[in-house]
Amino acid sequence: MGEIGGAELVSRRVLAVAAAFITVVITAVTPRFVGGEGAALPTWYVTLVVAVIAVIVVTGTVAAWSSARVLRLGAAVATTGYVLILVGFAPAALATPSLGRVPWMLSTVGLGSGIALLAGGVVLAGAVLALGAGLGVTYRLAFGGFDLDGVVNDLESVMTATMACALIAHLLAVTGSIDRARAAEREARARAAAEGGRLAARTRAAALVHDEVLATLTIAAAKGAAASLIPRAALSRQAAQARALVEDLDRQGASPVGTLRAELVTVTSGARAELEVLIADAVEPPPAAEEALLAATRQALVNSIRHAGEGAARRVTLRTAASGITIEIVDDGCGFDPATVPADRLGIATSILRRMADVPGGTAAVRSSPGEGTAVTVQWAPPPVTPVAPTPGTRSVRGAITATAVVFVVTQGLAAVAAALAGPAWWVAPALLVTLLAFGEGLRRAARPQPPVWSAAYIAGGLVAVVAMGALVSPYGFGRLWFVTAAGFVLAALALTGRPLIAVTAQVAVVVAVVAIVLVRHDDLVVLGWVITRALLVVGVSAGLWFVIARLMHRRRLLDAQTMSEAGARAWDAAARAELAQHATTLRAQVAPVLTRLAGDEPLDERDRSACASLEGQLRDEYRAGVLARDPLDAAVRAARARGVDVVLLDDGDGSASDGLVDEVARWMGPLVDSARERVLGRLLPPGRSAIATIVTDDETTLFRGPDPSAP
């Protein structure tokens, strides 16, 4: 069914909990759920209620195996049925004589609006909540009248339903934003990985051209005494090897098979080098990094074999740590001065330094001096993991939070008015209301987005003191203790702002204080149980929700490290294979005929050597000349090489030069190449230099400062 998003998981959990809740209600209080106190409703109405219950239970039961579309459809059907239950109660009640109170109407509005939230969002949930609250009050007036306990219960039911919808909306918004952020990050990482795969493939192809093809063509193009230094049989073997590697380029894939350590064993044994492995922490490099580390190590060993001298000892050290992977290739050979390496040599610049630089987190360094040996260090460090953060709340969620605050003020204000009208000590309820609203406003100001610990502790302690004082001076009763639940709503908001432990501790302190006061006054503990249960549930659920969100984000981050890596690896491999296939096709067309000729036993004539020299120059231009490989400069270079001129073009730019500017450079270089007699070195310079390009023809250097003839 594919990867399941966090919002879909939340929907499943809500529906499953709703199904469990409905099942408990059916088992425990079915008569009061479908009717009033003392009368049974008509069969058609009971059937409607049972059908809606069945839809909720079935949808919630199969939620774990359902798709998001099925969940929304089930929630929509259940919401429609719930609305029909609300509206249809009026004709059903009118047909039922002696119908008693209907407390279930407002007690279930939280369930109905919560399911509506899953079906159609905050707006639909608000509409269902408003309809349920309005009809509930109307039906209580018509079929049971008002009393203080009933009024407070109804108001707290509406407030609880509103907060439940806000909690679900908040959780859906957080998980939905995490899903969107993960999808965007996965796409971005896949794009970056694909580009890395293409770069690695191009680097691999360039290294193959340099390490095998150009080396073969250089030997084959040698003339005079140099041509006799390499036996024809050795040239044939090298040409056959180069041809096999070109033919196999796109079939091997971009990254080698096997672990890094196992591959290093093969590489070092072939070079007769000592291998030392020092593993502090296991770290798994991505394919691009593994490819670059191995290829750069291989090239460093090839260079050592070629240039370190007879009898030089080589040692390769692999170090892995949580910070990354380091491979050091050291020999005690003759060494060299890195500053004297010609700019047109690809062995170090392309096959080691640039190869590692093309990999995110990759670096390389070469240290050497004459007579002191050579040390090449290649490193890869994993990029820092950026946590997937949820985006700011949507307008609808902010609206739900605002609506919750408004409902809190209205419902608790009405509860205070009802308690004051019930007398005696009418002034207590307004005083408690003003104090609770003041603490609520203080929390709103402090929560940006999380209140400081001292501020949260002050609010929590103040609420405990207010509830304790109210319990001491207020007359006893369910309705008269309305402020206990009201304080619980404020503590629930405190928990959701990131201070759940303080909120839960304060709520426990409230319960202890109120129970102690009731015990001292010898009041009814059963009534108190109904009072404190709702507050405990609201605060407990809010604190639990905060921990769920925190844990969800933590688990998502852990999961991201795996899924993002897998997505990146797939994108890297696909892009690398496609790029390799393109390079392999081009290389086969360019070099396969010449390499096949060189792999034979027939002696080479002058025409063969000229063809090898021409192909060598063409390949060097393609892999080093970059954007300079264009007419009219191309035509001038081919003509110069035909005259025996040694031509080298280097693109040292960063790719920011416009096509128009490069065309100007190419037109400027063309005549200068035509005038050369022995050698040419043309370079497109990096940005920020005093000149755009330079060209050295024979022993004369010329600078190109810009297409404007008036430029200095």
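Refer to the structure above for everything that follows.
J.: Which residues make up the environment of Ala240, and what values do they have?
T.: In this structure, Ala240 sits in helix α8 (residues 232-247). Assessed through its relative accessible area of 29%, Ala240 is described here as partly exposed. Through-space distance from the C-alpha of Ala240 to that of Ala599 is 5.1 Å; in sequence the pair is 359 residues apart.

J.: Break down the pattern of salt bridges for me, with residues and values.
T.: Scanning all chains against the criterion turns up 14 salt bridges. One network of salt bridges, in which partners are shared, links Arg319, Glu328 and Arg367.

J.: Outline the environment of Glu700, supporting the account with residue identities and numerical values.
T.: For Glu700, the location among the structural elements is in strand β9 (residues 700-704). In this structure, the C-alpha to C-alpha distance between Glu700 and Ala676, residues 24 residues apart in sequence, is 9.7 Å.

J.: Could you give an account of the packing of aromatic side chains, with specific residues and numbers?
T.: To describe a pair of aromatic rings, you give the distance between the ring centres and the angle between the ring planes. Summed over all chains, the structure comprises 6 aromatic pairs. Pairing Trp44 with Tyr45 gives two aromatic rings, centres 5.7 Å apart and planes at 85°, and the pair type is edge-to-face. Judged by its relative accessible area of 0%, Tyr45 falls in the buried class. Seen from their ring centres, Tyr45 and Phe89 are 6.0 Å apart, and the 65° between their planes marks the pair as edge-to-face. You can see Tyr45 sitting in helix α2 (residues 43-61) and its partner Phe89 sitting in helix α3 (residues 68-94), a full 44 residues away along the chain. An identical accessibility class is assigned to Tyr45 and Phe89; each is buried. Feature note: the residues Trp44, Tyr45 and Phe89 constitute an aromatic cluster, connected by ring pairs.

J.: So what's going on with unusual backbone geometry? Which residues, and what values?
T.: Of the consecutive residues Asp631 and Pro632, the connecting peptide bond is found in the cis state with omega at 5°. The residue Pro632 is located in the loop between α18 (606-625) and α19 (633-642) in this model. Phi angles above zero are rare outside glycine, and His522 is one such case at about 60°. Note that His522 resides in the loop between α16 (500-521) and α17 (525-599). Here His522 falls in the exposed class, since its relative accessible area comes to 72%. One non-glycine residue, Asp698, lies in the positive phi region at around 60°. Residue placement: Asp698 occurs in the loop between β8 (693-697) and β9. In this structure Asp698 comes out as buried when scored by relative accessible area, which is 12%.

J.: With reference to specific residues and values, describe the side chain of Ser542.
T.: Counting through the fold element by element, Ser542 comes out in helix α17. When sequence neighbours within four positions are dropped, the list of residues in contact with Ser542 reads Met163, Leu167, Ala492, Ala495 and Leu496.

J.: Explain the packing of helix α13 (residues 428-446) against helix α15 (residues 482-496) to me, and be specific about the residues and the numbers.
T.: With their axes 10 Å apart at the nearest point, α13 and α15 run at an angle of 5° to one another. The angle between α13 and α15 places the two elements in the roughly parallel class. Along the contact surface, α13 presents Ala429, Leu432, Leu433, Leu436, Gly440 and Leu443, while α15 presents Trp482, Phe483, Ala486, Ala487, Val490, Ala493 and Leu494.

J.: I'd like to hear about the packing of α15 against α16, residue by residue, with values.
T.: With their axes 8 Å apart at the nearest point, α15 and α16 run at an angle of 165° to one another. Viewed along their axes, α15 and α16 adopt a mutual orientation that is roughly antiparallel. Here α15 and α16 pass one another in a crossing that is left-handed. Contact with α15, carried on its side by Val484, Gly488, Leu491, Leu494 and Ala495, involves Pro500, Ile502, Ala503, Ala506, Gln507, Val510 and Val514 of α16 and no other residues of that element. Each residue belonging to the contact of α15 with α16 can be placed in one class, and the counts come to 10 nonpolar, 2 polar and no charged.

Conventions adopted
Residues numbered from 1 in each chain as written. Predicted model: local features only at pLDDT ≥ 70, side-chain atom pairs only at ≥ 80, totals over all residues. Heavy atoms only, no water. Helix = DSSP H or I, 4+ residues; strand = E, 2+ residues; numbered from the N terminus. Buried < 20%, exposed > 50% of the residue type's maximum accessible area, 1.4 Å probe, protein only. Salt bridge = Lys/Arg side-chain N within 4 Å of Asp/Glu carboxyl O. Phe/Tyr/Trp six-rings, centres within 6.5 Å; stacked < 30°, edge-to-face > 60°. Contact = heavy atoms within 4.5 Å. Axes fitted to C-alpha atoms, helices over the stretch in contact; angles between N-to-C directions. Parallel < 35°, antiparallel > 145°, perpendicular 65-115°, else oblique. Left-handed = near helix turned anticlockwise from the far one by under 90°. Nonpolar A, V, L, I, M, F, W, Y, C, P; charged D, E, K, R; others polar.

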